[in-house]
Amino acid sequence: MKTRITELFGIKHPIIQGGMHFVGLAEMAAAVSNAGGLGIITGLTQPTPEALSKEIARCREMTDKPFGVNLTFLPGFANPPYPEYIDAIIQGGVRAVETAGRSPEQYMPALKAGGVKVIHKCTSVRHSLKAEKIGCDAVSVDGFECGGHPGEDDVPNMILLPRAAEELKIPFVASGGMADARSLVAALALGAEGMNMGTRFIATKEAPVHENVKKAIVAASELDTRLIMRNLRNTERVLTNAAVEKIVEIEHTKGEGLGIEDIRELVGGVYPRIMQKGEMDAGAWSCGMVAGLIHDIPTVKELIDRIMSEATVIIRKRLEGFLDA
């Protein structure tokens with residue numbers, strides 16, 4: 001399948017693996033890239049720029065296909081050495097970066113000078129237009145269904161994607177609620193040039209997370225996520241567990257008086273315990289409503305091959321069949 005996204009990143013299939021904390025390691029990115037998509041190493045999972053350099057080199061040993069790095073620009077109180085991370089990306093020969101969080105505007109000159117293609121994750125049309133204006137090559141449009149941070153507008157992809165198509169000149173991919181061939185075909189129909197999958201890729205054999213995490217996603221329905229930190233205007237969609245229900249209770253009790261310190265121990269620094277040790281009630285972790293569409297744990301290649309073959313059937317048989325009728 002050929003789209004502006006496959007052309008931009010030099011990949012076979014218009015499928016991108018989104019950056020995910022303590023999931024986007026070299027083996028995850030390499031598996032996706034080897035299967036024809038664009039694998040992504042999560043930059044800030046690596047504690048230092050030097051560690052990121054080693055992770056990029058480790059990924060190069062596993063694939064000769066294009067892969068990228070996610071770089072999330074955190075709120076002002078957190079200040080990782082971004083110039084050094086960017087230098088590690090460029091020196092490692094990576095030519096695709098998925099940016100997220102705050103605007104990457106101040107870092108765009110360095111990224112572009114390094115020959116890097118930038119795809120910025122946005123949760124609204126206005127932010128997508130800003131990304132286009134500052135020189136991003138593409139946008140990942142993140143609907144309200146997504147795991148992680150959906151923004152504060154609460155617009156689902158059935159509206160957000162066609163609105164983005166109306167406004168943007170640069171290509172974009174659909175993110176949030178993407179899991180299978182139906183997702184891809186729908187995204188293309190709504191104006192996207194491909195799709196970004198996060199939660200779906202966690203439930204694969206190569207995902208470097210504890211088996212408990214994968215089983216939790218398969219067992220979950222579309223009703224098993226919660227929105228937390230709304231009063232902090234840092235809304236996050238997470239899979240419910242004992243810790244999340246405690247967060248919801250604290251938020252209900254505190255109301256507008258909620259501060260991050262009230263829930264810090266349940267949201268901060270918990271990913272290693274969950275993703276690596278499988279302690280499923282240790283805290284809150286990002287998961288999309290799309291968990292309701294995930295019923296198995298295939299290899300990454302099996303998943304991507306299935307998506308592409310079934311998408312072909314949907315387009316050439318089911319959709320054309322309506323016209324023939």
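Thresholds applied
- Residues numbered from 1 in each chain as written.
- Predicted model: local features only at pLDDT ≥ 70, side-chain atom pairs only at ≥ 80, totals over all residues.
- Heavy atoms only, no water.
- Helix = DSSP H or I, 4+ residues; strand = E, 2+ residues; numbered from the N terminus.
- Rg over C-alpha atoms; globule rule 2.2 N^0.38 Å.
- Buried < 20%, exposed > 50% of the residue type's maximum accessible area, 1.4 Å probe, protein only.
- Areas by Shrake-Rupley, 256 points an atom, 1.4 Å probe, with all protein chains shown as cover.
- Disulfide = S-S within 2.5 Å.
- Pairing = 2+ DSSP bridges.
- Right-handed = clockwise from strand over helix to strand, strands pointing away.
- Polar contact = N/O pair within 3.5 Å; in protein donor to acceptor, adjacent residues only side chain to side chain.
- Contact = heavy atoms within 4.5 Å.
- Axes fitted to C-alpha atoms, helices over the stretch in contact; angles between N-to-C directions.
- Phe/Tyr/Trp six-rings, centres within 6.5 Å; stacked < 30°, edge-to-face > 60°.

Some thoughts on the overall build of the chain
For step 1, the next point in the chain: The secondary structure content of the chain amounts to 14 helices and ten strands.
For step 2, the next point in the chain: Relative to its length of 325 residues, the chain is compact, with a C-alpha radius of gyration of 19 Å against a globular reference of 20 Å.
For step 3, the next point in the chain: Seen along its three principal axes, the alpha-carbon backbone of the chain occupies a region of about 55 × 50 × 40 Å.
For step 4, the next point in the chain: In the chain, which comprises 325 residues, the proportion classed as buried is 54%.
For step 5, the next point in the chain: Carbon and sulfur atoms provide 54% of the accessible area of the chain, an area that totals close to 14,200 Å².

Details of the state of the cysteines
By definition, a disulfide is the covalent link that joins the sulfur atoms of two cysteine residues.
For step 1, the next point in the chain: Using the criterion set out here, one finds zero disulfides in the structure.
For step 2, the next point in the chain: Free of any disulfide, cysteine 136 has its nearest cysteine sulfur in cysteine 122, 7.1 Å distant.
For step 3, the next point in the chain: By relative accessible area, cysteine 136 is classed as buried at 3%.

Looking at the pairing of strand S6 (residues 138–142)
For step 1, the next point in the chain: In terms of residue burial, S6 counts as a mostly covered element, since five of its five residues are buried.
For step 2, the next point in the chain: Every second residue of S6 is oriented toward a common face, with Ala138, Ser140 and Asp142 on one face and Val139 and Val141 on the other, all of them buried.
For step 3, the next point in the chain: Bridge count for strand S5 (residues 117–122) against S6 is four bridges, and the pairing is parallel. The residue of S6 that forms the bridge with histidine 120 is valine 139.
For step 4, the next point in the chain: Tracing the backbone out of S5, into helix H6 (residues 125–133) and back to the parallel element S6 gives a crossover that is right-handed.
For step 5, the next point in the chain: One ladder, built from four bridges, connects S6 with strand S7 (residues 172–175); its direction is parallel. Looking across to S7, one finds that aspartate 142 is bridged to serine 175.
For step 6, the next point in the chain: In the classification by handedness, the crossover that spans S6, the intervening helix H7 (residues 157–167) and the parallel S7 is right-handed.

Side note on the side chain of asparagine 196
For step 1, the next point in the chain: Secondary-structure assignment places asparagine 196 in strand S8 (residues 195–197).
For step 2, the next point in the chain: One polar contact links the side chain of asparagine 196 to the main-chain amide nitrogen of glycine 18, over a distance of 3.5 Å.
For step 3, the next point in the chain: Sequence-distant contacts of asparagine 196, that is, excluding residues within four places in its chain, are made with Ile16, Gln17, Gly18, Glu98, Lys121, Ser140, Val173, Ala174, Ser175, Gly176 and Met178.

So, helix H4 (residues 82–91)
For step 1, the next point in the chain: Among the residues of H4, those classed as buried are Tyr82, Tyr85, Ile86, Ala88, Ile89 and Ile90.
For step 2, the next point in the chain: Phi for glycine 93, located one or two positions after H4, is positive at around 80°.

Here we look at the side chain of aspartate 142
For step 1, the next point in the chain: In this structure, aspartate 142 sits in strand S6.
For step 2, the next point in the chain: The class for aspartate 142 is buried, based on a relative accessible area of 4%.
For step 3, the next point in the chain: Apart from residues no more than four positions distant in its own chain, aspartate 142 is found in contact with Lys121, Cys122, Thr123, His149, Asn157, Leu160, Ser175 and Gly176.

As for the sheet that holds strand S1 (residues 15–17)
For step 1, the next point in the chain: Read from one edge to the other, the open sheet built from eight strands follows the order S1-S8-S7-S6-S5-S4-S3-S2, with strand pairing classed as parallel. Strand pairing shows two members of the sheet lacking a second neighbour, S1 and strand S2 (39–42), which therefore form its edges. Direction aside, neighbouring strands of the sheet carry axes that sit 30° apart on average.
For step 2, the next point in the chain: Of the pairings in the sheet, the one linking S2 to strand S3 (residues 67–73) comprises four bridges and is parallel in character. Paired with isoleucine 40 across the two strands is glycine 68, which belongs to S3.
For step 3, the next point in the chain: Along the sheet face, helix H2 (residues 26–34) touches S1, S2 and S3 and points at about 165° away from the line of S2.
For step 4, the next point in the chain: Its contacts with the sheet put helix H3 (residues 49–60) on S2 and S3, and the angle it makes with S3 is roughly 155°.

Side note on the environment of isoleucine 217
For step 1, the next point in the chain: If you trace the backbone, isoleucine 217 turns up in helix H10 (residues 211–219).
For step 2, the next point in the chain: Residue classification places isoleucine 217 among the buried positions, given a relative accessible area of 0%.
For step 3, the next point in the chain: In this structure, the C-alpha to C-alpha distance between isoleucine 217 and alanine 30, residues 187 residues apart in sequence, is 22 Å.
For step 4, the next point in the chain: Not counting the four nearest positions on each side in its chain, isoleucine 217 is found in contact with Thr199, Ile202, Ala203, Trp285, Cys287, Ala291 and Ile294.

Points about the packing of aromatic side chains
For step 1, the next point in the chain: Evaluated as defined, the whole model comprises three aromatic pairs.
For step 2, the next point in the chain: Ring geometry for phenylalanine 73 and tyrosine 107: centres 4.8 Å apart, planes at 5°, overall stacked. With phenylalanine 73 in strand S3 and tyrosine 107 in the loop between strand S4 (96–101) and helix H5 (108–113), this pair connects stretches of sequence that are 34 residues apart.
For step 3, the next point in the chain: Here tyrosine 107 falls in the buried class, since its relative accessible area comes to 11%.
For step 4, the next point in the chain: Geometrically, the ring pair formed by tyrosine 82 and tyrosine 107 is tilted, given 5.6 Å between the ring centres and 55° between the ring planes.

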